Amino acid sequence: MIYLKKGLQRVSEIVHQTKQISLNMLWESAISNDRVFLSDELSHLPEAARRYLEHAIAPKTKIASAVRLQMHGEIKLKNWIPFKAEQVICWEHGLIWSATAWMNGLPIVGSDRIIDGVGAMQWKLLGIFPSHNR
């Protein structure tokens, strides 16, 4: 029982540390590399995926190690409500999706993330009242 308790405490610490990583920190952690797209590295993929990638990416195109996206639209919580979001996907570490949605004029702010294999999400109404963390 003590081992399990220590294990759970360690997981809790890792999740807490994961929540401290910001979009900017994840973006800055991306390491520039000199890798280029080579179709012979796709042999492990299904044929349809290989064909698509070979069509969509020119040979020897530099492969990005991270991408930063901004988006807006509607998300369905109870009803469809507007949102704005930003996402960083870093090949070496994972991703963070951070968004703000407005329900009845009140902001719901939070993020979903998976960093180095540890997932977490945190959402707050008015930046004060936390939703359930999973």
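Predicted model only: the values in this text are computed from it and were never measured.

### Some thoughts on the side chain of arginine 113
Of note, arginine 113 is situated in strand E4 (residues 106-115). Here the side chain of arginine 113 touches serine 111 through a polar contact of 3.1 Å, side chain to side chain.

### Some remarks on the nonpolar core
The biggest cluster of nonpolar side chains holds 8 residues, and these are Ile81, Phe83, Ala85, Trp97, Ala99, Ala101, Ile108 and Trp123. Contributing elements (two or more residues each) for this core: strand E2 (80-90) and strand E3 (94-103). Setting aside chain neighbours within four positions, we find alanine 101 in contact with Ile75, Ile81, Pro82, Phe83, Leu106, Pro107 and Ile108. Counting residues in hydrophobic clusters, the runner-up holds 7 residues, among them Ala66, Val88, Cys90 and Ile96.

### So, the environment of alanine 85
Relative to the helices and strands, alanine 85 resides in strand E2. Alanine 85 sits 13 residues away from serine 98 along the chain, and the two C-alpha atoms are 5.5 Å apart. Setting aside anything within four residues of it in sequence, one finds alanine 85 in contact with Leu69, Gln70, Met71, Trp97, Ser98 and Ala99.

### Here's the deal with the pattern of salt bridges
Taken as a whole and judged by the stated rule, the model has 4 salt bridges. Across the pair glutamate 86 and arginine 68 runs a salt bridge, and its minimum N-O distance is 2.5 Å. One end of the pair, glutamate 86, is in strand E2; the other, arginine 68, is in strand E1 (residues 66-76), and 18 residues separate them in sequence. One continuous salt-bridge network, built from bridges that share partners, spans Glu47, Arg50 and Arg51.

### Notes on a nonpolar patch on the surface
A cluster of nonpolar side chains, namely Val67, Leu69 and Ile89, defines an oily patch on the protein surface of about 200 Å² accessible area. Note on placement: isoleucine 89 falls in strand E2. The class of isoleucine 89 is partly exposed, set by a relative accessible area of 33%.

### Section: the pairing of E1
In the case of a regular strand, side chains alternate between the two sheet surfaces. Bridge count between E1 and E2: 11 bridges; the pairing is antiparallel. Directly across from glutamine 70, in E2, lies its bridge partner glutamate 86. Between the antiparallel neighbours E1 and E2 lie 3 residues.

### Some remarks on the pairing of E3
Looking at chain direction, E2 and E3 are connected through 8 bridges and run antiparallel. Following the sheet pairing, glutamate 86 is matched in E3 by serine 98. The pairing of E3 with E4 spans 10 bridges and is classified as antiparallel. Paired with alanine 101 across the two strands is isoleucine 108, which belongs to E4.

Calculation notes
- Residues numbered from 1 in each chain as written.
- Predicted model: local features only at pLDDT ≥ 70, side-chain atom pairs only at ≥ 80, totals over all residues.
- Heavy atoms only, no water.
- Helix = DSSP H or I, 4+ residues; strand = E, 2+ residues; numbered from the N terminus.
- Polar contact = N/O pair within 3.5 Å; in protein donor to acceptor, adjacent residues only side chain to side chain.
- Core = buried A, V, L, I, M, F, W, Y, C linked by side-chain atoms within 4.5 Å.
- Buried < 20%, exposed > 50% of the residue type's maximum accessible area, 1.4 Å probe, protein only.
- Contact = heavy atoms within 4.5 Å.
- Salt bridge = Lys/Arg side-chain N within 4 Å of Asp/Glu carboxyl O.
- Patch = residues over 30% accessible without salt bridge, like charges linked within 9 Å, V, L, I, M, F, W, Y side chains within 5 Å.
- Areas by Shrake-Rupley, 256 points an atom, 1.4 Å probe, with all protein chains shown as cover.
- Pairing = 2+ DSSP bridges.

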